[in-house]
Amino acid sequence: MQIQVGIVGAGPAGLMLSHLLHQRGVESVVLDTRTREEIEGTIRAGVLEQSSVDLMVDTGIGERVKRLGMVHHGIELRFGGRGHRIDFADLTGGRGVTIYPQHEVLKDLIAQRLADGGDIRFGVSDVQVEGITGDRPRIRFTQDGAEQQLDCALVAGCDGSRTTTRFLIPSPNPRQDHFRQYPFAWFGILAEAPPSSEELIYAHHRNGFALISTRSATVQRHYLQVDPNDSVEDWSDDRIWSELHTRVAGAEIKEGPIFSKSVLHFRSFVCEPMQHGRLFLAGDAAHTVPPTGAKGMNLAIADVHVLSRAMAEFFANSDRTALDAYTATALPRIWRAQHFSWWMTSMLHRMPEATGFDLHRQLAELDTVTRSRAGRTLLAENYVGTPFD
Ligand code: DHB
């Protein structure tokens, strides 16, 4: 089978790329080892920047996010027993973020691709990409027990943090991997309870970071910074609530039955370049951010916004200029998001060996950021995200 673009991975990057390419008259096939049910049923967080929502609306997949998404015009930073609101709308000219889980974005994308006659192969195995430095790369895979082959002009590696496509770019030349490990993890819970706050609360406390988030009027999502070696068994419901009350002191945390507990490990990562020959990486296949800045899905969408244009230009004019510039065009935004995510993480979390000096320095940093309009604006602009163009 011949196709213009073969896309490995039906996550936010791969499906959004396929959708944007279709809108620009370029046809693609998307492959994923997971079933449609697994992809749509894996519950994931989602904070969408204004530009991500705008792109969904502008390209005809915005109906559900507009109807079901929760628009937030601010967050609270809580430290020293007091809350400090960062008013996004006021500081960024009316911009905000939308709380809308990743699996809902994926449902919207899959439905639209299928309605548009798109080709998504779920549940395939043995995916192998070959010949990316030649003129006609191939993707071999197995579907329903039969071996298949896709001959492509271009290949997109959108296979997430467990990527195989990234490793097709030879390392260390040209591929450089930039890592940052963190000496802590997040303990996440889902609880049946009313919201504790109208907006998200990011709390600094000497015991460690806590985050008050939400899923709906009846389901709440909260996180506690924990030791990376902790397991779910180490945290009884009583211990979780007690620690949340302590760390988010001054806010009224509403308790309810906890029905999900998990430990999340995270890191910062960027690989450079994000392309080799006719292979182009997008989203978590190329970079990962810690969750504190709520940037992950937005970076995937920003990548494919750039990549879909460059690919369309290649097919329309046989011009590789924009494709060749893909990494250089995408990376500045990725590094800004890396910095923001690292900054939020380092400002709010307790380091394992933290001294009194470290804690007071963090409190002073939070005070500096929240007391001046310039400081609040810096945080707000980065949280709501800069426009794509
Ligand atoms: C959620 C997760 C985040 O990492 C974040 O920064 C905000 C909210 C959430 O799961 O709701």
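Because the structure is a prediction, the values reported are computed rather than measured. (Residues numbered from 1 in each chain as written. Predicted model: local features only at pLDDT ≥ 70, side-chain atom pairs only at ≥ 80, totals over all residues. Heavy atoms only, no water.)

Caption draft 1: Spotlight on empty space enclosed by the protein. Applying the stated criterion across every chain, the model contains 2 cavities of 30 Å³ or more. For the largest cavity, the full set of lining residues is Glu 49, Lys 295, Asn 298, Leu 299, Arg 333, Arg 336, Ala 337, Phe 340, Glu 381, Asn 382, Gly 385 and Thr 386. For the lining of the largest cavity, the secondary-structure elements that each account for two or more residues are α8 (296–317), α10 (326–348) and α12 (373–384). With 4 residues, α10 is the single largest residue contributor to the lining of the largest cavity. (1 Å grid on protein atoms, 1.4 Å probe; cavity = no way out; pocket = protein on both sides within 12 Å on 5 of 7 lines; lining within 4 Å. Points joined across faces, edges and corners; volume = space filled by probe spheres on them. Helix = DSSP H or I, 4+ residues; strand = E, 2+ residues; numbered from the N terminus.)

Caption draft 2: Quick peek at the site of the ligand. The environment of the ligand is made up of 13 residues, and the closest members are Tyr 202, Ser 213, Arg 215, Tyr 223 and Pro 291. Within the side chain of Ser 213, a nitrogen or oxygen atom sits 2.5 Å from an oxygen atom of the ligand. Pro 291 is positioned with one of its backbone polar atoms (N or O) 2.7 Å from an oxygen atom of the ligand. Computed on the free molecule, the ligand has an accessible area of 290 Å², of which 96% lies beneath the protein chains in the complex. Of all the elements in the fold, those that place two or more residues in the shell around the ligand are β15 (210–214) and β16 (219–226). Taken together, the residues that form the shell around the ligand break down as 9 nonpolar, 2 polar and 2 charged. Residue-level mapping places the shell around the ligand at the junction of two domains, with at least three residues from each of domain 1 (2–71 + 97–179 + 267–346) and domain 2 (184–266 + 351–384). (Near = heavy atom within 4 Å. Polar contact = N/O pair within 3.5 Å; in protein donor to acceptor, adjacent residues only side chain to side chain. Areas by Shrake-Rupley, 256 points an atom, 1.4 Å probe, with all protein chains shown as cover. Nonpolar A, V, L, I, M, F, W, Y, C, P; charged D, E, K, R; others polar. Domains from an automatic or database assignment.)

Caption draft 3: Spatial organisation of the UniProt feature "domain: FAD-binding" (unreviewed entry) in the protein chain. The feature "domain: FAD-binding" (unreviewed entry), as annotated in UniProt, sits at residues 3–340 in this numbering. Overall, residues 3–340 shows 30% helix and 32% strand. The separation of its end C-alpha atoms is 38 Å. (UniProt positions renumbered as here; feature names shortened; annotations may be inferred.)

Caption draft 4: Structural context of the sheet that holds strand β3 (residues 47–48). The antiparallel open sheet is built from 3 strands, whose spatial order is β3-β7-β4. At either end of the open sheet lies a strand with only one pairing partner, and these are β3 and β4 (70–72). Bridging between β3 and strand β7 (residues 97–99) involves 2 bridges; their strand directions are antiparallel. When the sheet's bridge partners are listed, Leu 48 is paired in β7 with Thr 98. (Pairing = 2+ DSSP bridges.)

Caption draft 5: Region of the structure containing the environment of Phe 259. Relative to the assigned elements, Phe 259 resides in strand β17 (residues 258–264). Using a relative accessible area of 47% as the deciding quantity, one classes Phe 259 as partly exposed. In this structure, Phe 259 is in contact with Leu 190, Ala 191, Glu 192 and Val 219, ignoring residues within four places of it in sequence. (Buried < 20%, exposed > 50% of the residue type's maximum accessible area, 1.4 Å probe, protein only. Contact = heavy atoms within 4.5 Å.)

Caption draft 6: Examining the domain arrangement of the protein chain more closely. The assigned domain composition of the protein chain is domain 1 (2–71 + 97–179 + 267–346) and domain 2 (184–266 + 351–384). The interface is formed by 19 residues belonging to domain 1 together with 18 residues belonging to domain 2. Summed over both sides, the interface of domain 1 with domain 2 buries roughly 1700 Å², with 71% coming from carbon and sulfur. One can count 4 residue pairs in polar contact (both at pLDDT 80 or more) joining domain 1 with domain 2. Looking at the side of domain 1 that touches domain 2, the elements that each hand over two or more residues are β7 and α10. Sorting elements by how many residues they give to the side of domain 1 that touches domain 2 places α10 first, with 5 residues. By residue class, the composition of the side of domain 1 that touches domain 2 is 11 nonpolar, 5 polar and 3 charged. (Buried area = accessible area lost by both parts, 1.4 Å probe.)

Caption draft 7: A look at the sheet that holds β16. Across the sheet, 7 strands lie side by side as β6-β5-β14-β15-β16-β13-β17; this open sheet has mixed pairing. Looking at strand neighbours, the two that pair on one side only are β6 (82–87) and β17, the edges of this open sheet. Strand-to-strand, the axes of this sheet are offset by a mean angle of 20°, without reference to chain direction. Sheet analysis places strand β13 (residues 185–192) next to β16, joined by 8 bridges and oriented antiparallel. Bridging across to β16, Phe 187 finds its partner in Leu 224. Contacts from α12 reach β5 (74–79), β6 and β14 (201–203) within the one sheet, and its direction differs from that of β6 by about 60°. (Axes fitted to C-alpha atoms, helices over the stretch in contact; angles between N-to-C directions.)

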